[in-house]
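Observations on chain architecture
Read off the chains here:
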Amino acid sequence: MTNPKKIDSYFNDTGKHPITPKKDTYSKHTRIIKMMKLLFPSIAAILLGMLIIFPKLNQQKDTIAIDITLPKKGELEKLHMENTNFYITDKDNKVNNLIASKIDETSPGSKLIKLTNPEGIIPASNGTWYNIKSPIGYYNQEQNTLRLINKVDVFYSNGMIAKTVEFDYDFKTGKGISTTPVSAEGDMGTLDSEGMEFYNDKNLIIFTGHTQIVVDDEKL
């Protein structure tokens, strides 16, 4: 028979109790949970800090790239536009349409505008019109005048093409003038002169100075 004293000593001895290993496992599990509870907020704080820092770094890189393309000092006050289409009204309230690849003020607050590759249409009488263009032009807002330089092409809707170096047009009076040599070509032949005057309201072009005209035999 089993000795009752051994049985009692088995249950009374906590060091040999079969449940003790389970208590140790539970205790370890509890410590791990407590440790995780302490570590998770720290990890979350680190991740949150990284999310805050990295966008700032990216933002800083973008800012540097933008700063490189910013206008230089003194240019921020100047008017600058690209691929611009604008309209000018003359003395008869006719609308002149001009386009330019670039428009720049010559100085901050100036009324003198530099035009790059200006091209425009000047309406004339009886439904006719003139197309003018040049590499460089200047429009004076106060005087309402346009100056084209370097290489000026004037195309008349009836078929005449004239070329000169400089051409000035006053929208208030409807008068244009060139004091540089002019070469023209039309249905009747060719023409070379020392200058020309253009009167929009009369639909009239006068070639000035020494003028040479060559007329085709067929037209005669």
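Since we're looking at a predicted model, the values are computed, not measured.

**Focus: the confidence of the model for the chain**
Across the chain, the average pLDDT comes to 76, with 64% of residues at or above 70. Considering each helix and strand of the chain separately, the mean pLDDT is smallest for helix α1 (residues 4–12), with a value of 52, and largest for strand β10 (residues 167–170), with 95. Here residues 14–20 is modelled with pLDDT under 50, and outside its nearest four sequence neighbours on either side it reaches 4 contacts, counting other chains as well. Here residues 57–70 is modelled with pLDDT under 50, and outside its nearest four sequence neighbours on either side it reaches 0 contacts, counting other chains as well.

**Some thoughts on the pairing of strand β12 (residues 182–185)**
On a regular strand, one side chain projects to one face of the sheet and the next to the other, so that they alternate. Going residue by residue along β12, you find Val 182 and Ala 184 tucked away on one face and Ser 183 and Glu 185 left uncovered on the opposite face. Here strand β9 (residues 161–164) runs beside β12; their pairing, made up of 3 bridges, is antiparallel. The partner of Ile 161 across the bridge, within β12, is Glu 185. Taken together, the 4 bridges between β12 and strand β13 (residues 189–193) define a ladder with antiparallel strand orientation. The partner of Glu 185 across the bridge, within β13, is Thr 190. Count of turn residues in the β12/β13 antiparallel hairpin: 3 residues.

**Re the nonpolar core**
Counting 27 residues, the largest nonpolar core has Leu 115, Tyr 130, Leu 146, Val 154 and Phe 171 as its most contacted members. Here Leu 146 is in contact with Leu 98, Leu 115, Ile 132, Tyr 138, Tyr 139, Phe 167, Asp 168, Tyr 169 and Phe 171, once residues within four sequence places are set aside.

**Quick word on the pattern of salt bridges**
Scanning all chains against the criterion turns up 4 salt bridges. Across the salt bridge formed by Glu 166 and Arg 147, the nearest N and O atoms sit 2.8 Å from each other. In this pair, Glu 166 sits in the loop between β9 and β10 while Arg 147 sits in strand β7 (residues 145–149), placing the two residues 19 residues apart along the sequence. Note on Glu 166: relative accessible area 27%, which makes it partly exposed. The partner of Asp 153 in a salt bridge is Lys 163, and the shortest N-O contact between them spans 3.1 Å. With Asp 153 in strand β8 (residues 152–156) and Lys 163 in strand β9, the pair connects residues that are 10 residues apart, well separated along the chain. Residue classification places Asp 153 among the buried positions, given a relative accessible area of 15%. Overlapping salt bridges, with partners in common, bring together Arg 147, Glu 166 and Asp 168 in one network.

Cut-offs and rules
Residues numbered from 1 in each chain as written. Predicted model: local features only at pLDDT ≥ 70, side-chain atom pairs only at ≥ 80, totals over all residues. Heavy atoms only, no water. pLDDT = per-residue confidence, 0-100. Helix = DSSP H or I, 4+ residues; strand = E, 2+ residues; numbered from the N terminus. Contact = heavy atoms within 4.5 Å. Buried < 20%, exposed > 50% of the residue type's maximum accessible area, 1.4 Å probe, protein only. Pairing = 2+ DSSP bridges. Core = buried A, V, L, I, M, F, W, Y, C linked by side-chain atoms within 4.5 Å. Salt bridge = Lys/Arg side-chain N within 4 Å of Asp/Glu carboxyl O.

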